[in-house]
Amino acid sequence: MGKKLKQIAIYGKGGIGKSTTTSNLSAALSSLGYKVMQFGCDPKADSTNTLRGGSYIPTVLDTLREKGAVKARDVIYEGFNGICCVESGGPAPGVGCAGRGIITAVELFKQQKIFEELDLDCVIYDVLGDVVCGGFAMPIREGIAQHVFTVSSADFMSVYASNNLFKGIKKYSNSGGALLGGIVANSMNAGYSRDIVDDFAARTKTQIVQYVPRSITVTQCELKGKTVIEAAPDSEQARVYRELAECVAAHEESRTPAPLELRELQEWAAKWSDKLLELETGTVPGGQAAGI
Amino acid sequence: MTETPFHDKPRTSCALGGALAAISALPDVVPIIHAATGCGGNLMNSVAFGAGYLGSSYCSGASAPTSAVTETEIVFGGAERLREQIASTLKLIEGKLYLVATGCMTEMIGDDAGGAASEFAEAGEPVLAISTPSFKGDCYTGYEILLDGIFNRWLRKAGAADPRLINVFGVVPGYDPFFRGDLEEIERIGARLGLKVNTFFSPTQTFENITAAPEAALNVILSRTRCRGFAERFEEKHGVPWWATDLPVGPEATDAFIRELAAKLGIDGAERVVAAENEWYYRYFERTADSYADGELRFYSVTVTNSNYALPLNKYLYRELGWTPAEIFVTDRLEEARREDLLAGFAELPVKPRFVSGSQEIARSIDQGRPVYRGQRYFDALTPLYIVGSTLEKQMALRRGAKYLAVSFPAYDRAIVAGGYAGYRGGLRLYEDLIGSFMSAKG
Ligand SMILES: Nc1ncnc2c1ncn2[C@@H]1O[C@H](COP(=O)(O)OP(=O)(O)O)[C@@H](O)[C@H]1O
Ligand SMILES: [Mg+2]
């Protein structure tokens, strides 16, 4: 990775596994020797929990609210293997403007030049779900992250959220914003799910950077408040995350994706629905092998 | 030829601005601004200086209470800050009604100002919230939102109706710079008919005029373009019918106004009042005839005003003074249907209004479609020209050698206090101002 700071943003539908993937990625990168910061950009502020034994840390915005000003250093907490953990935080659900909160928190860090001071190799922003407003697009604007990865399963709603994200990336791509590194395909168990995400990646002119299976190891480690890398370093799942980390570390060139229009996306989904039905009813052989 | 560029200053402000200007003219009504720091002050300057130096009043302008939200409230929500502000305002400032008016920021983040206000209202405090972000509309919209809040939400239904009581709406405080003088003339005329007139925003009015409003027999809307929805909702809630007409300026328009008003209310006495007022008016006006005729005080007119003043003013210039309308510019933003309503009123005038608000465009379009002098013997040179507009037209008038008077917002090259152009008295005053403005060069 050299000494050039690499800034990465992870997006995806809520509950799809962004924080799990991000934390394991951070842990794997740090065990590869990189100095990493994980910046949770979700008002839930639970991004870094598994890097810190399952505990919540005070957030940038809470500190700002209480003290009126924030020194970046005061809201960085050390996690597994020296990883710098930060949570932007946000308002209580239903009030205020979480989007503006993300902007405030990210700007505050940018202004204080803390990344340079800490001599980081990599900052990973773990951003809430859809790009619902300008605030959640902040990490992909000019001068913040260079690369975006989306975590997606083969579920339509997850693909839909990724496609929306691609629209956001495309919008900012002309003004120096971050570009798309690729898709982390999560919960890849059923045989056909790979085909679906592969097809989606091909249609939107991007790539799959890693297939992460759904695994009980993740659940077990999460219950201990730990990443797989920390709690089960010799497991198959840990190997998968390490491979992802190597891929991300080596990743240089991101691209502008080609998001589908809504109608195209619906047609695409309908086509897959037919195909799955055929597999299920046995009209087409191979259903068993495909995991149906 | 080098053109001196115009500085295009706005002829309006935002919904919050319109509401605040109106609240400042309501006795015992206290504004509580729920907006970012700056909104209150900037909007106060708009009318305090731009409306003929209207200034500010009790707890308005620079002393208006505000939540002055900053980034913390924007991120975490500003409703708590607002509650604090309402509580402290109730403690420190005397009033009979406290109006929370929101700005853009707090609306964008979805602060529930209405909820905060009703908590106080449920505890028996007279607190009401109105939603006035700029993206809802301009100052005229803000005025209507305010009216809706007070009259259609806050006021309770009345018991009995008073057949001799009327309410007057449509004249927008500050952005109709003569609102006080104009409303008082309507009050005076109404009184001559034996009516009680609620105008709410003139200095003769008290808070009781507001609370008595639901008892009125008629709502008179002095605007062809404003307050339609408001009047309809008022009728729905309080059962008061409405009549939309123009602000009457000069004897002809005011005669018609009196007759129609009396007919609507089914009262006698219109002819008696009309006769007496005309007697009075013309005993003054006849004496202007010498200077008017001998001095050749007739002009081509170009007017630049909002939609409220365009027709009354042009009718006066055309029908009372015999001037020749050359251009009529209407500067406020109107929906298509409201434009149609306005255009209908111009049927009897030789020129139709154009809907333009940029000073540059107005200056340019005065000459558009007119023959240009190329040595012809007969040539319509549009002189002598009189521009009746806002102070933004002053430089254009000077360049063209035209006579000029500011009557519309912003008017900051004159002081407007009790003056107005409505009715008979206003008709004479308009004459004084039009002629006096250039006679002052003599001597
Ligand atoms: N590959 C996986 N295998 C098993 N469980 C997973 C996997 N990825 C995510 N999960 C589980 O899904 C839940 C939601 O994941 P999380 O990372 O918090 O989602 P997000 O951050 O996208 O909202 C967590 O309980 C997590 O343990
Ligand atoms: Mg998460």
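Counting of residues starts from 1 at the beginning of each chain's written sequence and follows it residue by residue. In the order they appear in the text, chains get letters beginning with A and ligands get numbers beginning with 1. With the structure being a predicted model, the display of local features is reserved for residues of pLDDT at least 70 and the display and counting of side-chain atom pairs for 80 or more, all residues being used for whole-chain, interface and lining totals. The side-chain values count all of the structure's non-hydrogen atoms but skip hydrogen atoms and water molecules.

Q: Before we move on, can you summarise empty space enclosed by the protein with the specific residues and values?
A: Over the atoms rolls a probe the size of a water molecule, and its path tells where empty space is left. All names here are of chain B. Of the two site types, the cavity is a set of points on a 1 Å grid over the protein atoms alone where a 1.4 Å probe fits but cannot get out, and the pocket is an open set with protein on both sides within 12 Å along at least five of seven lines, each lined by residues with an atom within 4 Å of a point. Grid points are joined across faces, edges and corners, and a volume is the space filled by probe spheres set on the points. Counted by the stated rule, this structure contains four cavities of 30 Å³ or more. In this structure, the largest cavity encloses a volume near 120 Å³. Around the largest cavity, the lining comprises 16 residues; the ones closest to its centre are Leu 20, Ser 24, Met 44, Ser 60 and Gly 61. Strands are runs of DSSP state E lasting at least 2 residues, helices are runs of H or I lasting at least 4, and numbering of each runs from the N terminus. Among the secondary structure elements, those contributing two or more residues to the lining of the largest cavity are helix H1 (15-24), strand E1 (29-34) and helix H2 (39-50). Sorting elements by how many residues they give to the lining of the largest cavity places H1 first, with five residues. Among the residues forming the lining of the largest cavity, the class breakdown is nine nonpolar, seven polar and no charged. Considered as a void within the structure, the second largest cavity measures approximately 80 Å³ in volume. If you go around the second largest cavity, the residues you meet are Arg 11, Tyr 140, Tyr 175, Asp 176, Pro 177, Thr 305, Asn 306, Tyr 309, Thr 331, Val 407, Ser 408 and Phe 409. Think of it as three bins: nonpolar holds Ala, Val, Leu, Ile, Met, Phe, Trp, Tyr, Cys and Pro, charged holds Asp, Glu, Lys and Arg, and polar takes everything else, Gly as well. Its residues assigned to classes, the lining of the second largest cavity shows six nonpolar, four polar and two charged. Mapping the lining of the second largest cavity onto the domain boundaries places at least three of its residues in each of domain 2 (165-281) and domain 3 (297-412). Boundary definitions for the domains trace back to an automatic or database domain assignment.

Q: Summarise the domain arrangement of chain A; cite the residues concerned and give the values.
A: Residues and elements named next belong to chain A. Along its sequence, chain A is carved into domain 1 (6-260) and domain 2 (262-292). In this structure, domain 1 and domain 2 have C-alpha centres spaced 31 Å apart. As a working definition, buried area equals the accessible area (1.4 Å probe) given up by two parts on being put together, with both sides summed. On the domain 1 side of the interface with domain 2, the three residues burying the most area are Phe 156, Tyr 192 and Leu 260, jointly 42% of the side's total. Basic side-chain nitrogens of Lys or Arg form a salt bridge, by our definition, when they fall within 4 Å of a carboxyl oxygen of Asp or Glu. Inspection of the domain 1/domain 2 interface yields one salt bridge.

Q: Break down H1(B) for me, with residues and values.
A: Residue and element names in this part refer to chain B. Taking burial as the measure, the ten residues of H1 include nine buried ones, the bulk of the element. Partly exposed residues are those whose accessible area sits between 20% and 50% of the maximum for their type, while under 20% is buried and over 50% is exposed, using a 1.4 Å probe and protein chains only. Among all positions of H1, only Ala 15, Leu 16, Gly 17, Gly 18, Ala 19, Leu 20, Ala 21, Ala 22 and Ile 23 are buried. By definition in these notes, contact holds between two residues if any of their heavy atoms fall within 4.5 Å. Of the surrounding secondary structure, the elements contacted by the buried residues of H1 are E1, H2, strand E2 (97-102), strand E3 (127-130) and helix H7 (139-154).

Q: Got a sec to walk through the site of ligand 1? Specific residues and values, please.
A: Residue and element names in this part refer to chain A. In the vicinity of ligand 1, 16 residues are found, and the nearest of them are Gly 15, Lys 18, Ser 19, Thr 20 and Glu 222. Between N or O atoms, a polar contact is any pair within 3.5 Å; within protein, one atom must be a potential hydrogen donor and the other a potential acceptor, and residues adjacent in sequence are included only when both atoms are from side chains. Asn 186 is positioned such that a nitrogen or oxygen atom in its side chain is 3.0 Å from a nitrogen atom of ligand 1. One of the backbone nitrogen or oxygen atoms of Pro 213 is found 3.1 Å away from a nitrogen atom of ligand 1. The protein chains hide 84% of the 560 Å² of surface that ligand 1 would expose on its own. Mapping ligand 1 onto the cavity grids shows that it belongs to the largest pocket. Nearness is judged by heavy atoms alone; a residue qualifies as near a molecule or strand once a single heavy atom is within 4 Å of it. Here the accessible surface of atoms and residues is derived via Shrake-Rupley with a 1.4 Å probe, and residues count as covered only by protein chains that are part of the display. Think of it this way: a molecule belongs to a cavity or pocket when more than half its atoms come within 2 Å of the grid points there.

Q: Summarise the domain arrangement of chain B; cite the residues concerned and give the values.
A: All names here are of chain B. Splitting chain B by domain gives domain 1 (15-154), domain 2 (165-281) and domain 3 (297-412). A separation of 27 Å is found between the C-alpha centroids of domain 1 and domain 2. Tallying the contact residues gives 27 residues for domain 1 and 26 residues for domain 2. Around 2400 Å² of area is buried between domain 1 and domain 2 when both sides are counted, 67% of it from carbon and sulfur atoms.

Q: A description of the confidence of the model for chain B should follow, citing residues and the corresponding values.
A: Residue and element names in this part refer to chain B. A score from 0 to 100, pLDDT tells how confident the predictor is in each residue. Here chain B averages 93 in pLDDT, and 96% of its residues register 70 or above. A low-confidence stretch, residues 1-7 stays under pLDDT 50, and its non-local contacts, those more than four residues away or across chains, total nine contacts. Here the predicted complex scores 0.85 on pTM and 0.70 on ipTM.

Q: Any chance you could break down the pattern of salt bridges for me, citing the residues and the numbers?
A: Using the criterion set out here, one finds 30 salt bridges over all chains in the structure. The partner of Glu117(A) in a salt bridge is Arg73(A), and the shortest N-O contact between them spans 2.9 Å. Of this pair, Glu117(A) sits in helix H4 (residues 114-117) while Arg73(A) sits in the loop between helix H2 (60-67) and strand E3 (77-78), and the two are 44 residues apart along the sequence. Here the residues in one salt-bridge network are Glu185(B), Arg188(B), Arg192(B) and Glu277(B), joined through shared partners.

Q: Please set out the side chain of Asn198(B) residue by residue, giving values where relevant.
A: All names here are of chain B. For Asn 198, the position within the fold is in strand E5 (residues 196-198). For Asn 198, a relative accessible area of 3% corresponds to the buried category. Within the structure, the side chain of Asn 198 is placed 2.8 Å from the side chain of Asn 167, a separation counted as a polar contact. In contact with Asn 198, other than residues within four places in its own chain, are Leu 165, Ile 166, Asn 167, Val 168, Gln 205, Asn 209, Ala 212 and Ala 213.

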